[in-house]
Amino acid sequence: MTQIINDQWRLRARPVGLVKESDFELVQEPLPATGDGQVLVRNHYLAFEPAMRGWLNDVKSYIPPVGLGEVMRASAVGEVVESRHPDYSAGQMVSGMLGWQKYALTEGMPGPMGGLTRVPEGVEPQLMLSALGGTGLTAYFGMIGIGEVREGDTVLVTGAAGATGSVAAQIARLKGAAKVVGIAGGPEKCQWLLEKAGLDAAIDYKSEKVSARLREEFPKGISLFYDNVGGEILDQALLEMAQFGRVVLCGGISSYNEEELPPGPANYMQIVIRRLTVRGFILIDHFAQAGEAIGALSGWIQEGKLIHAEDIQEGFENAPKTFLRLFQGQNLGKQLLKITDS
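Calculation notes
Residues numbered from 1 in each chain as written. Predicted model: local features only at pLDDT ≥ 70, side-chain atom pairs only at ≥ 80, totals over all residues. Heavy atoms only, no water. Axes fitted to C-alpha atoms, helices over the stretch in contact; angles between N-to-C directions. Helix = DSSP H or I, 4+ residues; strand = E, 2+ residues; numbered from the N terminus. Parallel < 35°, antiparallel > 145°, perpendicular 65-115°, else oblique. Left-handed = near helix turned anticlockwise from the far one by under 90°. Contact = heavy atoms within 4.5 Å. Nonpolar A, V, L, I, M, F, W, Y, C, P; charged D, E, K, R; others polar. 1 Å grid on protein atoms, 1.4 Å probe; cavity = no way out; pocket = protein on both sides within 12 Å on 5 of 7 lines; lining within 4 Å. Points joined across faces, edges and corners; volume = space filled by probe spheres on them. Buried < 20%, exposed > 50% of the residue type's maximum accessible area, 1.4 Å probe, protein only. Salt bridge = Lys/Arg side-chain N within 4 Å of Asp/Glu carboxyl O. Expected span 1.5 Å × (residues − 1). Polar contact = N/O pair within 3.5 Å; in protein donor to acceptor, adjacent residues only side chain to side chain. Phe/Tyr/Trp six-rings, centres within 6.5 Å; stacked < 30°, edge-to-face > 60°. Lys NZ or Arg CZ within 6 Å of the ring centre and 35° of its normal.

Draft legend 1. Seen up close, the packing of helix H2 (residues 134-146) against helix H3 (residues 163-174). H3 packs onto H2 with a crossing angle of 40° between their chain directions and a minimal axis gap of 8 Å. Classified by the angle between their axes, H2 and H3 sit oblique to one another. Considering the relative orientation of H2 and H3, their crossing is right-handed. Between H2, through Thr135, Gly136, Thr138, Ala139, Tyr140, Met143 and Ile144, and H3, the contact on the second element is made entirely by Ala163, Thr164, Val167, Ala168, Ile171 and Ala172. Of the residues that constitute the contact of H2 with H3, the class distribution is 9 nonpolar, 4 polar and no charged.

Following this line, the structure appears as structure tokens:
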């Protein structure tokens, strides 16, 4: 086939504090010929999640950092345009860690963040990046496997209007929680949580006193706290936990762009006093059970029991700008970027 000139966004400089558009550079280079065992994918949608900010720091983590000059790591969904791999054929829609680029040449084999996944028939491709993708799976395993949500629980979810938090909160409701409360920023997001996601209450951290609302909503304490934010709100929630409560630490977006690490929770001793179970987790530890999660999530979606929100921006040139939306509180649900007209 005719040689393709590929557009890529690469990491130009390691961010200091809040990530900037200038930390990335747009480059073009010819794609090499597709080799034996390789698959060439034309990306249609790119996905964005707060964890990507951590991948830019040159520190030891669960996966290596993105190297300077490398294509920015990100999940994407696209169409196979050429395949020399027996498991894939031209025309198939696939998802995987394909990066900020218009075309991805991949081995199609599992890696530290998973390999290519074929989009099931009848499924909207971008759904593989949201409710049926990494964020949906994170919500599922965090709420069910780590949090062990059960009937009668009183549940608090932070970042509840985000891609992970919105699914986690609805899973708690579907599993019979007595009360589910979400924390989000702004009236539009809180209204969505109440009217669309079906939560019992929503707290607007931008305009309300969170500590007072937590005492009001949880007079007998929070039995399960799913935290995506960390920082001051985590500190406040520890004071309202029920005895023997469970805390699931999924993320800490409040500090991702800090130049210096903030101090730990001032109310740390509440973990001891209230005999809390606190567990952190990473999705890659649960990839072997992904089929179970996708089956459950897709079933709830088809039955109309689980809704999902997607914030879709457009234009490949807007990849860094779209990434910044996550840290400016602009997205409702999963942040995506559509980069093709197809």
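Moving on from the model shown.
Draft legend 2. Geometry of empty space enclosed by the protein. In the structure shown here, the tally under the stated rule is 1 cavity of 30 Å³ or more. Considering the residues around the largest cavity, the lining is formed by Ser130, Ala131, Thr135, Ala163, Ser166, Val167, His308, Ala309, Gly333 and Lys334. Among the elements that line the lining of the largest cavity, the one with the most residues is H3, at 3 residues. Here the lining of the largest cavity is composed, by residue class, of 4 nonpolar, 5 polar and 1 charged.

Draft legend 3. Focus on unusual backbone geometry. For glutamate 148, which is not glycine, the phi torsion reads 50° and is therefore positive. Here glutamate 148 shows up in the loop between H2 and strand E8 (154-158). Owing to a relative accessible area of 43%, glutamate 148 belongs among the partly exposed residues under this scheme. Residues other than glycine seldom take positive phi values, yet arginine 275 does so here, at roughly 55°. On the secondary structure map, arginine 275 appears in the loop between helix H7 (270-273) and strand E13 (277-280).

Draft legend 4. Broad picture of the pattern of salt bridges. Here the structure, examined in full by the defined rule, presents 14 salt bridges. A salt bridge links lysine 102 to aspartate 7, with the nearest nitrogen and oxygen atoms 3.3 Å apart. With lysine 102 in the loop between strand E5 (93-96) and strand E6 (103-106) and aspartate 7 in strand E1 (residues 5-11), the pair connects residues that are 95 residues apart, well separated along the chain. Judged by relative accessible area, which is 30%, lysine 102 ranks as partly exposed. Take aspartate 7: its relative accessible area is 13%, and that puts it in the buried class. A salt bridge links aspartate 23 to lysine 20; the shortest N-O distance between them is 3.7 Å. Residue classification places lysine 20 among the partly exposed residues on the basis of a relative accessible area of 40%. Overlapping salt bridges bring together Lys179, Glu208, Arg213, Glu216 and Glu217 as one network.

Draft legend 5. H3, seen in detail. Over its 12 residues, H3 extends 17 Å from the first C-alpha to the last, a length consistent with the 16 Å expected when each residue adds 1.5 Å. Within H3 the residues assigned to the buried category are Ala163, Thr164, Gly165, Ser166, Val167, Ala168, Ala169, Gln170, Ile171 and Ala172. Looking at the residues trailing H3, positive phi occurs at glycine 176, about 95°.

Draft legend 6. Local environment of the environment of arginine 274. With respect to the helices and strands, arginine 274 occurs in the loop between H7 and E13. Using a relative accessible area of 18% as the deciding quantity, one classes arginine 274 as buried. Residues arginine 274 and glutamine 101 lie 173 residues apart in sequence; the distance between their C-alpha atoms is 48 Å. Look past the residues within four positions of arginine 274 in its chain and what remains in contact with it is Leu238, Leu239, Glu240, Met241, Ala242, Gln243, Phe244 and Gly245. Engagement of the side chain of arginine 274 in a polar contact is seen with the backbone oxygen of leucine 238, the distance being 3.5 Å. Here the side chain of arginine 274 touches leucine 239 through a polar contact of 2.8 Å, landing on its backbone oxygen.

Draft legend 7. Highlighting the environment of asparagine 267. Tracing the chain through its elements places asparagine 267 in the loop between strand E12 (241-249) and H7. Among residues more than four places away in sequence, those in contact with asparagine 267 are Asp235, Gln236, Leu238 and Leu239.

Draft legend 8. Looking closely at the packing of aromatic side chains. What the rule picks out here adds up to 8 aromatic pairs. Judged by centre distance (5.3 Å) and plane angle (90°), the ring pair of tyrosine 140 and phenylalanine 141 falls under edge-to-face. Since its relative accessible area comes to 5%, phenylalanine 141 is described here as buried. Look at phenylalanine 323 and phenylalanine 327: their rings are 5.3 Å apart centre to centre, the planes differ by 80°, and that puts the pair in the edge-to-face class. Here phenylalanine 323 and phenylalanine 327 have matching classes, each one buried. One aromatic cluster in this structure is built from Phe24, Phe48, Trp100, Phe323 and Phe327. The ring of tryptophan 55 carries arginine 73 above its face, with NZ or CZ at 5.4 Å from the centroid.

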